[in-house]
Amino acid sequence: MLQYHTRPVTAFQQNCSIVWCDATNRAALVDPGGDLDKLLADVEQRGLKLAQIWLTHAHIDHAGGAGELSRTLNLPIIGPHPGDQFWIDGLPQQSAMFGFPPAEPFTPTRWLHDGDTVQIGQETLTVRHCPGHTPGHVVFHAPQIQRAFVGDVLFAGSIGRTDFPQGNHQHLIDSIVQRLWPMGDETIFIPGHGPESSFGRERQSNPYVGGT
């Protein structure tokens, strides 16, 4: 069965999730933006074997620790979509701009596209390309546990910002309505910031996408 544990990291309180297969204890980190010592302690505490890094997008608070973690532990970086290449290239500038520790640029081991899958141990998740917040943003869907790791596409009561370079408000709304809602109202999503919610709850009450 797929398990996960979420820990907020960095001054931006970004939700990094450890996702693991309990049959094999192999794990992936979704969006290790920083505080790597805390994340690795969480992995060790659970007796897991960290095997992969998964990125929803390449903003500093989500991807800032990925290069160092990949280099020091020889881990593949999976994602995001190639549309975020310019954000990856700009990680050193992002870290300076927002007061983060220096971030190492990197080349993902594997880019992701809509409809791809990722696998950890015996568990498979589906990838959906959800542009708008960034052009290369992806979401990881685990239907076997009715969960989705959505990065900064959707939040409890809000949606992702679209005022960054190459952000697009209409693309974001389309991503939510066309890519997230079909996952089902009962699906619980883990956002990039703040508490979990369900797609059904947001369809009813979210002031930006309620009633869609």
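Keep in mind that what you see is a predicted model, and the values were worked out from it rather than measured.

A.B. asks: Can you explain the packing of aromatic side chains? Please cite residues and give values.
C.D. replies: One pass over the structure, following the stated rule, counts eight aromatic pairs. Relative to Phe100, the ring of Phe12 has its centre 5.0 Å away and its plane inclined at 85 degrees; by these criteria the two rings are edge-to-face. In this pair, Phe12 is assigned in the loop between β1 (2–9) and β2 (14–21) and Phe100 in the loop between α5 (91–98) and β6 (117–120), connecting sequence segments 88 residues apart. With 6.3 Å between their ring centres and 90 degrees between their planes, Trp87 and Phe164 make a pair best called edge-to-face. Here the residue Trp87 occupies a position in helix α4 (residues 85–89), and Phe164 occupies one in the loop between β11 (158–159) and α6 (169–180), the gap between them amounting to 77 residues. On the basis of relative accessible area, Trp87 is assigned to the buried category, the value being 10%. Aromatic ring contacts, followed pair by pair, group Phe12, Phe98 and Phe100 into a single cluster.

A.B. asks: Could you give an account of α5, naming the residues involved and the relevant values?
C.D. replies: Among all positions of α5, only Leu91, Gln94 and Ser95 are buried. Each buried residue of α5 sits inside an arc of 100 degrees when the element is viewed along its axis, so together they form one side. Summarising the geometry of α5, the exposed residues directed more than 90 degrees from the buried face are Gln93, Ala96 and Met97. Summarising the contacts, the buried residues of α5 are in contact with α2 (60–63) and α4. Where α5 ends, the next residue or the one after it, Gly99, has phi of about 75 degrees, a positive value.

A.B. asks: Can you tell me about helix α1 (residues 36–45), naming the residues and giving the values?
C.D. replies: The complete set of buried residues in α1 reads Leu36, Leu39, Asp42 and Val43. End-on view of α1: buried residues confined to an arc of 125 degrees, all on one side of the axis. Exposed side chains of α1 directed beyond 90 degrees from the buried face belong to Asp37, Glu44 and Gln45. On its buried face, α1 sits against β1, β2, β3 (26–30), β4 (49–54) and α3 (66–73).

A.B. asks: Describe empty space enclosed by the protein, with residues and values.
C.D. replies: A complete count under the given rule lists one cavity of 30 Å³ or more for this structure. When its volume is computed, the largest cavity comes out at roughly 50 Å³. Asn15, Val30, Asp31, Gly151 and Ile190 are the residues nearest the centre of the largest cavity, which is lined by 13 residues in total. Secondary-structure elements contributing two or more residues to the lining of the largest cavity are β2, β9 (147–151) and β12 (188–191). Of the residues contributing to the lining of the largest cavity, the split by class is five nonpolar, seven polar and one charged.

Rules behind the numbers
Residues numbered from 1 in each chain as written. Predicted model: local features only at pLDDT ≥ 70, side-chain atom pairs only at ≥ 80, totals over all residues. Heavy atoms only, no water. Phe/Tyr/Trp six-rings, centres within 6.5 Å; stacked < 30°, edge-to-face > 60°. Helix = DSSP H or I, 4+ residues; strand = E, 2+ residues; numbered from the N terminus. Buried < 20%, exposed > 50% of the residue type's maximum accessible area, 1.4 Å probe, protein only. Arc of directions from axis to C-beta. Contact = heavy atoms within 4.5 Å. 1 Å grid on protein atoms, 1.4 Å probe; cavity = no way out; pocket = protein on both sides within 12 Å on 5 of 7 lines; lining within 4 Å. Points joined across faces, edges and corners; volume = space filled by probe spheres on them. Nonpolar A, V, L, I, M, F, W, Y, C, P; charged D, E, K, R; others polar.

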